[in-house]
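The lines below spell out each chain.
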Amino acid sequence: MRQLICLLILAYFLPAVPKAQRGDSMLIHKLLLQLDSMQFKKDSGEFYKGMFTGYRECGGAPHNFQPDNNVFFTAIAAFGLKNMLPKLHGADRQIAENIIQKAATCYPYFKNRYGYPYYGFWPTNAIIMPHTFIFKYLKQVFGQGEDADDTVMILMASDTDDSTAMVLKKRLVALSNITKGKRIISTYKKYRSLPAYSTWLGDRMAPDFDFAVHCNILYFVLGKHLPLAKEDSATINLLAQMVKSRDYMRSPVFLSPYYVKSSILLYHITRLMAAFTIPELEPYRAQLARDIMSLIPVSYNIMDQIILRTALLRLGETPPDLDLNSIKEFDESNQKSFVFFQARAAFPYPTPLKKIFLHWSYIYYYFYCPAYNKMLWLEYLVEKDRLNK
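Predicted, not measured: the structure shown is a model, and the values here were computed from it.

Observations concerning the overall build of the protein chain
For step 1, the next point in the chain: When its secondary structure is counted, the protein chain shows 17 helices and four strands.
For step 2, the next point in the chain: For the protein chain, buried positions account for 55% of its 389 residues.
For step 3, the next point in the chain: Pairs at least 24 residues apart make up 69% of the contacts formed inside the protein chain by residues separated by at least 6 positions.
For step 4, the next point in the chain: For the protein chain, the exposed surface amounts to about 17500 Å²; the carbon and sulfur share of it is 59%.

As for helix 14 (residues 302-314)
For step 1, the next point in the chain: Taking 1.5 Å per residue, 13 residues should reach 18 Å; helix 14 reaches 19 Å between its end C-alpha atoms and fits that length.
For step 2, the next point in the chain: Gly 316 sits one or two residues past helix 14 and shows a positive phi near 85 degrees.

Remarks on the packing of helix 8 (residues 211-223) against helix 12 (residues 262-275)
For step 1, the next point in the chain: Running from N to C, helix 8 and helix 12 point in directions that differ by 20 degrees, and their axes come no closer than 9 Å. On the basis of the axis angle, helix 8 is roughly parallel to helix 12. In this structure, helix 8 meets helix 12 at a crossing whose hand is left-handed. Counted together, Phe 211, Ala 212, Cys 215, Asn 216, Leu 218 and Tyr 219 of helix 8 and Leu 265, His 268, Ile 269, Arg 271, Leu 272 and Ala 275 of helix 12 form the full contact between these two elements.

Focus on the packing of aromatic side chains
For step 1, the next point in the chain: Inspection of the entire model under this criterion finds 28 aromatic pairs.
For step 2, the next point in the chain: Each ring, one from Phe 72 and one from Tyr 259, has its centre 6.3 Å from the other, and the planes form 55 degrees; the classification is tilted. Note that Phe 72 is positioned in helix 3 (residues 72-84) and Tyr 259 in the loop between helix 11 (252-255) and helix 12, a separation of 187 residues in sequence. For the pair Phe 72 and Tyr 259, a shared accessibility class is recorded, and that class is buried.
For step 3, the next point in the chain: Ring plane angle 40 degrees and centroid distance 4.6 Å describe the contact between Phe 72 and Phe 341, whose orientation is recorded as tilted. On the criterion of sequence distance, the pair formed by Phe 72 in helix 3 and Phe 341 in strand 3 (residues 341-344) is long-range, its members being 269 residues apart.
For step 4, the next point in the chain: Residue classification places Phe 341 among the buried positions, given a relative accessible area of 9%.
For step 5, the next point in the chain: Sitting above the plane of the Tyr 188 ring, Lys 190 keeps its charged end 5.8 Å from the centroid.

Some details on the pattern of salt bridges
For step 1, the next point in the chain: Evaluated as defined, the whole model comprises 15 salt bridges.
For step 2, the next point in the chain: Residue Arg 171 pairs with Asp 203 through a salt bridge whose shortest N-O separation is 3.4 Å. One end of the pair, Arg 171, is in helix 7 (residues 162-174); the other, Asp 203, is in the loop between helix 7 and helix 8, with 32 residues separating them in the sequence.
For step 3, the next point in the chain: Taking relative accessible area as the criterion, Arg 171 reaches 18% and is therefore assigned buried.
For step 4, the next point in the chain: Asp 203 sits in the partly exposed class, given a relative accessible area of 44%.

With respect to the pairing of strand 4 (residues 364-368)
For step 1, the next point in the chain: For strand 4, the tally of buried residues reaches four of five residues, placing the bulk of the element in the interior.
For step 2, the next point in the chain: Bridge analysis of strand 1 (residues 55-58) against strand 4 gives four bridges, and the strand direction is antiparallel. Across the sheet, Tyr 55 pairs through a bridge with Tyr 368, a residue of strand 4.
For step 3, the next point in the chain: Here four bridges tie strand 3 to strand 4, and the two strands are oriented antiparallel to one another. Bridge pairing in strand 4 links Gln 342 to Tyr 366.

Things to note about a nonpolar patch on the surface
For step 1, the next point in the chain: A surface patch of nonpolar side chains, about 350 Å² in accessible area, is lined by Tyr 114, Tyr 116 and Val 167.
For step 2, the next point in the chain: Assignment of secondary structure puts Tyr 116 in the loop between helix 4 (90-104) and helix 5 (139-142).
For step 3, the next point in the chain: A relative accessible area of 43% means that Tyr 116 is categorised as partly exposed.

Examining the sheet that holds strand 1
For step 1, the next point in the chain: The strand order 2-1-4-3 describes an open sheet built from four strands, whose pairing is antiparallel. Looking at which strands have only one partner, the edges of the open sheet turn out to be strand 2 (66-67) and strand 3.

Structural notes on the packing of helix 14 against helix 17 (residues 370-388)
For step 1, the next point in the chain: For the pair helix 14 and helix 17, the least separation of the axes is 9 Å and the interaxial angle reads 35 degrees. You can see that helix 14 and helix 17 cross each other, and the crossing is left-handed. Residues Met 303, Ile 306, Ile 307, Arg 309, Thr 310, Leu 313 and Arg 314 of helix 14 touch helix 17, and the partners they reach there are Asn 373, Leu 376, Trp 377, Glu 379, Tyr 380, Glu 383, Lys 384 and Leu 387.
For step 2, the next point in the chain: Residues belonging to the contact of helix 14 with helix 17 are distributed by class as follows: eight nonpolar, two polar and five charged.

Observations concerning the environment of Leu 288
For step 1, the next point in the chain: You can see Leu 288 is positioned in helix 13 (residues 285-295).
For step 2, the next point in the chain: Residue Leu 288 is classed as buried on the basis of its relative accessible area, which comes to 0%.
For step 3, the next point in the chain: Note: C-alpha distance between Leu 288 and Leu 266 (22 residues apart in sequence) is 7.5 Å.
For step 4, the next point in the chain: Excluding anything up to four places from it in sequence, Leu 288 contacts Val 243, Tyr 248, Leu 266, Ile 269, Met 273 and Leu 315.

Notes on the side chain of Lys 384
For step 1, the next point in the chain: Within the secondary structure, Lys 384 is located in helix 17.
For step 2, the next point in the chain: Those residues within four positions of Lys 384 in sequence are excluded, and the remaining contacts are Asp 24 and Leu 313.

Side note on helix 17
For step 1, the next point in the chain: Between its first and last C-alpha atoms helix 17 spans 28 Å; for 19 residues at 1.5 Å apiece the expected length is 27 Å, and the two agree.
For step 2, the next point in the chain: For helix 17, a buried count of 15 out of 19 residues is recorded, marking the element as mostly surrounded by other parts of the structure.

The rules behind each value
- Residues numbered from 1 in each chain as written.
- Predicted model: local features only at pLDDT ≥ 70, side-chain atom pairs only at ≥ 80, totals over all residues.
- Heavy atoms only, no water.
- Helix = DSSP H or I, 4+ residues; strand = E, 2+ residues; numbered from the N terminus.
- Buried < 20%, exposed > 50% of the residue type's maximum accessible area, 1.4 Å probe, protein only.
- Contact = heavy atoms within 4.5 Å.
- Areas by Shrake-Rupley, 256 points an atom, 1.4 Å probe, with all protein chains shown as cover.
- Expected span 1.5 Å × (residues − 1).
- Axes fitted to C-alpha atoms, helices over the stretch in contact; angles between N-to-C directions.
- Parallel < 35°, antiparallel > 145°, perpendicular 65-115°, else oblique.
- Left-handed = near helix turned anticlockwise from the far one by under 90°.
- Phe/Tyr/Trp six-rings, centres within 6.5 Å; stacked < 30°, edge-to-face > 60°.
- Lys NZ or Arg CZ within 6 Å of the ring centre and 35° of its normal.
- Salt bridge = Lys/Arg side-chain N within 4 Å of Asp/Glu carboxyl O.
- Pairing = 2+ DSSP bridges.
- Patch = residues over 30% accessible without salt bridge, like charges linked within 9 Å, V, L, I, M, F, W, Y side chains within 5 Å.
- Nonpolar A, V, L, I, M, F, W, Y, C, P; charged D, E, K, R; others polar.

As structure tokens, then:
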């Protein structure tokens, strides 16, 4: 009799949970299990334990599609999962925590050779751009050192203490624009006098701006509650001006040589705005939402569709439904051709050379990561599931 009563109670309450919502919960669990299975459990010939597989392809022929052992995708996947932890529960949260912990085991290979908390895209004691014909021999020629993007992502994905965070903050300040007599030449004239943060942490590199990297640096500074300086104000002001003028729609490649697409820049700025209230950016919420909605009907890769919807959710808007119901559908979609990050060698050039060479396919490379694509879909499902509850 008691079992019958329990079954009747379950039957009464189950219809109250929408079928789509229950399906999302199952997909979230399956995606977490897949991400765990895609992570290296031991060192391989190309990748370290804890990493996700990455690939690189030259934009011009021969395309030279090859494995690429960069830490970037592993770090940003771990960062994304860490942000999801408060919204995950039980076994799902445990799987995500395990992935984050395993990812941390590979970070030391990419750390500054003198022990400073700065990190590079490729391993410190290895060649750059493995499997290339020429570039792999030019590590000393490029001499770019570590970069802000990989560094802040690794530190945010890890349990970084305040003193370590401050070491990086001082480095960011020391290499910002107009510091040490160096001034950026690779951006619009109206932005060149701003003492904003630079993309690079190497002493030999000229200051460089990237919209998405600035979003990530500010996320780090604000998330770690670090004392603010004029460089923070300048970087916020720079982003606000770029958003106000809608440069992220008009000239995304020039604005962000590493992320390139309007959809990806919108993903970054809304992630920052969802996490922190920044008065200089708040007036543009409605504008950003309109621009996102304008891109959805004309975006043909499923990954653009996913991240645009995530961006809308972060603005508190309700996105249109996404017709994607299984991992099999996702695997068979055009997600494999999605490029979240790319390297364009013309990033430091002055205008107008930069505008010309940014579009010369022989000097830029696409980077792919199957696991990160699934993390982005997972992120959308988790965000949607949170708002539906």
